[in-house]
Amino acid sequence: MSVSAQQSEELKDIQAQIKQKQKQIEKQLAEAKQLQQQLKAAELNIANTAKNIENTRNELQSNKSRQTELISQQQDLNKQVKQQQQALSSQLKSMYMVGEHDFAKMLFNLEDASKMERTFSYYRYLTDARKVQIDEFRALVSKLREVNENLLVKQQELQVLEKEQVQQQVQLEQQQSLRQVTLTKIEKKIDTEAAKIEQLQINEQALLKAIEEAERNAKQGPVDLTGLAKLKGKLMLPTQGKMRNMFGRIRQGQIRWKGVLFNGNTGAPVRAVHDGRVLYADWLRGFGLVTVLSHGDGYMSLYGHNQALLKQVGDTVQSGETIALVGQSGGQSTPNLYFEIRHKGTPVNPSQWFKK
C-alpha cells in the first residue's frame, strides 16, 4: 500500500472515530436533556416548598409580634381594670357613707336654700361619677375579654403554623434527595470534556434567549428607570457572602465566565442591587431559577442559582428589596448566587460596580 493510500485510510479511520464520538456525545446530551427536565421539575418543586416555608416563617414572625402586642395590651388593660375597680369601690363607699343618714331628714334640717342646692349637687355628682366609672369599667372588661380571645386565637394559629413548618421542612428534604439522585445521573451522562463544553454552549444559548426575551420586555415597560451609569462603584451587594470574581476567566474550552459568584447559605435573601422591574423570572438550564431586572437605559442585572423566586415578571422592586432566596438550582453542588450585569446585552464586570 502506498503512503498516500495509507494516509487516506488513516484519515477515514479518524473521521469515523470523530463521527462515532459525535454520535456518543449527541446520545449523551439527548439523555441528559431528559434528565434536565427531571431536574427542572425537582428544583421547581423545591422552589415552591421553599417559598411556602418563607411565607410560613413570615407568618410566624407576624403572629409572634401580634402576640407580643396583645400581651402588652392585656397587661395594660388589667392595670386599668384594677384602677377602675378601686375608683368604683371608692365611689360606692362614698355613696354608702352618705346613705347612712336619712336623706329626707337631711333636707328638712337644712336651714337655707344654698345648703340644699349644694347637697343636691353633691348627690348628682356622686351618681354621675358612679355611672361614668361603671360604664368605663364595663368597656375595659369587654376590651380585655376581646384581647384574651384574640390572644387565644393567635396561640392556636401559632401551633398550626409550627406544625406546617415541620411538614414543609420534611417535604423539602425529600425533594432535595430526589434532586440529588437526578443530578448524579446527569453527571454520569456528561462525563467527557467535549460533552461538558457542548452542554455549557447549550446553557449559554438558553441564557441568551432569556436575555433577548428580557430585552423585548424592557421595551414594553415604563421608561422612568434611569440606568446604572452613574452608580459605578456605588451598588450594594446582591447578597451576603464572599464574592468569587470569575468574570472573563475560562470556564471550559473557549467558554468564559460572564459574571461572578457569591458563596452563600441556602435560603439567604437575594436583594435587588438597584431600583428596577422584573423582566424575566423562570428556570434555565445550567442557571436554575433566574431573575432578570431592568434598571433602564439598557442596563440589566441577572440573579441565578436561586432556591426560590419571590417576584414575578412585571413587578417593580426597590433597591435592597428581597427578590429571591439563595440556592443551588441549575445543578449546583453548593449554594451560591450567580450574578451578572449587562449593558445593551453585553456583559460587564460586576465587581467594578459594587461599593468598596
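Residues numbered from 1 in each chain as written. Predicted model: local features only at pLDDT ≥ 70, side-chain atom pairs only at ≥ 80, totals over all residues. Heavy atoms only, no water.

Draft legend 1. Structural context of the overall build of the protein. When helices and strands are tallied, the protein shows four helices and 12 strands. For the protein, the residues scored as buried account for 36% of the 356 residues in total. If you take every contact in the protein between residues at least 6 apart in sequence, the share linking residues at least 24 apart comes to 74%. Working note: accessible area of the protein is about 21,200 Å², and carbon and sulfur atoms make up 49% of it. (Helix = DSSP H or I, 4+ residues; strand = E, 2+ residues; numbered from the N terminus. Buried < 20%, exposed > 50% of the residue type's maximum accessible area, 1.4 Å probe, protein only. Contact = heavy atoms within 4.5 Å. Areas by Shrake-Rupley, 256 points an atom, 1.4 Å probe, with all protein chains shown as cover.)

Draft legend 2. Summary view of the pairing of strand 10 (residues 322-326). Judged by how many residues are buried, strand 10 sits mostly within the fold: four of five residues are covered. The pairing of strand 5 (residues 269-271) with strand 10 spans three bridges and is classified as antiparallel. Each bridged residue has a counterpart across the sheet, and for V270 the counterpart in strand 10 is A324. Here three bridges tie strand 8 (residues 299-309) to strand 10, and the two strands are oriented antiparallel to one another. (Pairing = 2+ DSSP bridges.)

Draft legend 3. Examining the pattern of salt bridges more closely. Evaluated as defined, the whole model comprises four salt bridges. For the salt bridge of R57 with E54, the shortest nitrogen-to-oxygen distance reads 2.6 Å. One end of the pair is R57 and the other is E54, both in helix 1 (residues 3-99) and three residues apart, which spans about a single turn. Overall, the relative accessible area of 34% leaves R57 in the partly exposed class. One salt bridge connects R342 with E340, and the closest N-O pair in it is separated by 2.6 Å. Taken as a pair, R342 and E340 share a single burial class, namely buried. (Salt bridge = Lys/Arg side-chain N within 4 Å of Asp/Glu carboxyl O.)

Draft legend 4. How the structure looks around the nonpolar core. By size, the foremost hydrophobic cluster in this structure holds 29 residues, and its most contacted members are L228, L235, V270, L293, Y303, I323 and F339. When residues of this core are traced back to their parent elements, those giving at least two are helix 1, strand 4 (260-263), strand 6 (276-284), strand 7 (288-296), strand 8, strand 10 and strand 11 (336-343). Among the domains, domain 1 (2-189) and domain 2 (193-352) are the pair contributing at least three residues each to this core. Counting 16 residues, the second largest nonpolar core, distinct from the first, contains L207, A210, M246 and Y280. (Core = buried A, V, L, I, M, F, W, Y, C linked by side-chain atoms within 4.5 Å. Domains from an automatic or database assignment.)

Draft legend 5. Summary view of the packing of aromatic side chains. Within the structure shown, the criterion is met by six aromatic pairs. Arranged with centres 6.2 Å apart and planes meeting at 45°, the rings of W257 and Y338 form a pair that is tilted. Remark: Y338 occurs in strand 11 and W257 occurs in the loop between strand 3 (255-256) and strand 4; sequence separation between them is 81 residues. By relative accessible area, W257 is classed as buried at 13%. Here Y338 falls in the buried class, since its relative accessible area comes to 3%. (Phe/Tyr/Trp six-rings, centres within 6.5 Å; stacked < 30°, edge-to-face > 60°.)

Draft legend 6. Representation of the confidence of the model for the protein in the model. Averaged over all residues, the pLDDT of the protein equals 77, while 71% of them reach at least 70. Confidence scores differ between elements of the protein, with helix 2 (residues 103-109) showing the lowest mean pLDDT of 50 and strand 5 the highest of 96. (pLDDT = per-residue confidence, 0-100.)

Draft legend 7. Looking closely at the side chain of S301. Positionally, S301 belongs in strand 8. Residues contacting S301, with those up to four places away along its chain left out, are V273, T291, V292, L293, H295, F339, E340 and I341.

Draft legend 8. Representation of the side chain of H305 within the structure. Within the secondary structure, H305 is located in strand 8. The contacts of H305, once residues within four sequence positions are left out, are L261, G286, F287, L289, G327, Q328, S329, Q332, N336 and Y338.

Draft legend 9. Quick peek at the environment of W283. With respect to the helices and strands, the residue W283 is situated in strand 6. Sequence separation of W283 and L44 is 239 residues, and the distance between their C-alpha atoms is 7.8 Å. If sequence neighbours within four positions are ignored, W283 has contacts with Q36, L39, K40, E43, L44, G288, L289 and G330. Engagement of the side chain of W283 in a polar contact is seen with the side chain of E43, the distance being 2.7 Å. (Polar contact = N/O pair within 3.5 Å; in protein donor to acceptor, adjacent residues only side chain to side chain.)

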